[in-house]
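Architecture and fold: a report
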Amino acid sequence: MLLKSPLLSRTPGTVFLKGDYDTVKGLGAFFKELKFNVAHSVCTHKITGTAAEGIEYFKEEKEYLQLLKDIRHCLVMAD
């Protein structure tokens, strides 16, 4: 993964994040700083309001699993 890192190549990498709100928000900011594209940020619990902007929540786990099946060429980080 390091060899394909945006820091060493001209093509930005893509990241998929899933976890608690603080974890997803923090890792998202970290990867954006490293010039990665954050394809999806999925929170394990529902958040409402402006704080949840850009973070997805799935009521049914099958929806989340379908999303995982559909992604390609992406680093997946989940708890």
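Predicted, not measured: the structure shown is a model, and the values here were computed from it.

Focus on the sheet that holds strand β3 (residues 75-78)
As summarised here, the arrangement of the three strands in space is β2-β1-β3, forming an open sheet in which the pairing is parallel. The open sheet terminates on both sides in strands that have one partner only, identified here as β2 (37-43) and β3. Put simply, the sheet's adjacent strands are angled 15 degrees from each other on average, direction ignored. Both strand β1 (residues 14-19) and β3 contribute to a ladder of four bridges, which runs parallel. From the neighbouring strand, L17 faces β3, where its bridge partner is M77. Along the sheet, helix α1 (residues 21-33) contacts β1, β2 and β3; its crossing angle with β1, the most-contacted strand, is approximately 165 degrees. Against the sheet, helix α2 (residues 61-70) contacts β1, β2 and β3, and its axis sits at roughly 160 degrees relative to β1.

What to know about the packing of aromatic side chains
In the structure shown here, the tally under the stated rule is three aromatic pairs. Here the aromatic rings of F16 and Y64 are separated by 6.1 Å at their centres, their planes lie at 40 degrees, and the arrangement is tilted. One end of the pair, F16, is in strand β1; the other, Y64, is in helix α2, and 48 residues separate them in sequence. Of the two residues examined, F16 and Y64, each falls in the buried class. Consider the rings of F30 and F31, whose centres lie 5.4 Å apart with planes at 70 degrees: the pair is edge-to-face. Given a relative accessible area of 43%, F30 falls into the partly exposed group.

A look at the side chain of H40
Within the secondary structure layout, H40 lies in strand β2. A polar side-chain atom of H40 sits 2.7 Å from a polar atom in the side chain of E56. Excluding anything up to four places from it in sequence, H40 contacts V15, F16, L17, E56, L67 and I71.

Thresholds applied
Residues numbered from 1 in each chain as written. Predicted model: local features only at pLDDT ≥ 70, side-chain atom pairs only at ≥ 80, totals over all residues. Heavy atoms only, no water. Pairing = 2+ DSSP bridges. Helix = DSSP H or I, 4+ residues; strand = E, 2+ residues; numbered from the N terminus. Axes fitted to C-alpha atoms, helices over the stretch in contact; angles between N-to-C directions. Contact = heavy atoms within 4.5 Å. Phe/Tyr/Trp six-rings, centres within 6.5 Å; stacked < 30°, edge-to-face > 60°. Buried < 20%, exposed > 50% of the residue type's maximum accessible area, 1.4 Å probe, protein only. Polar contact = N/O pair within 3.5 Å; in protein donor to acceptor, adjacent residues only side chain to side chain.

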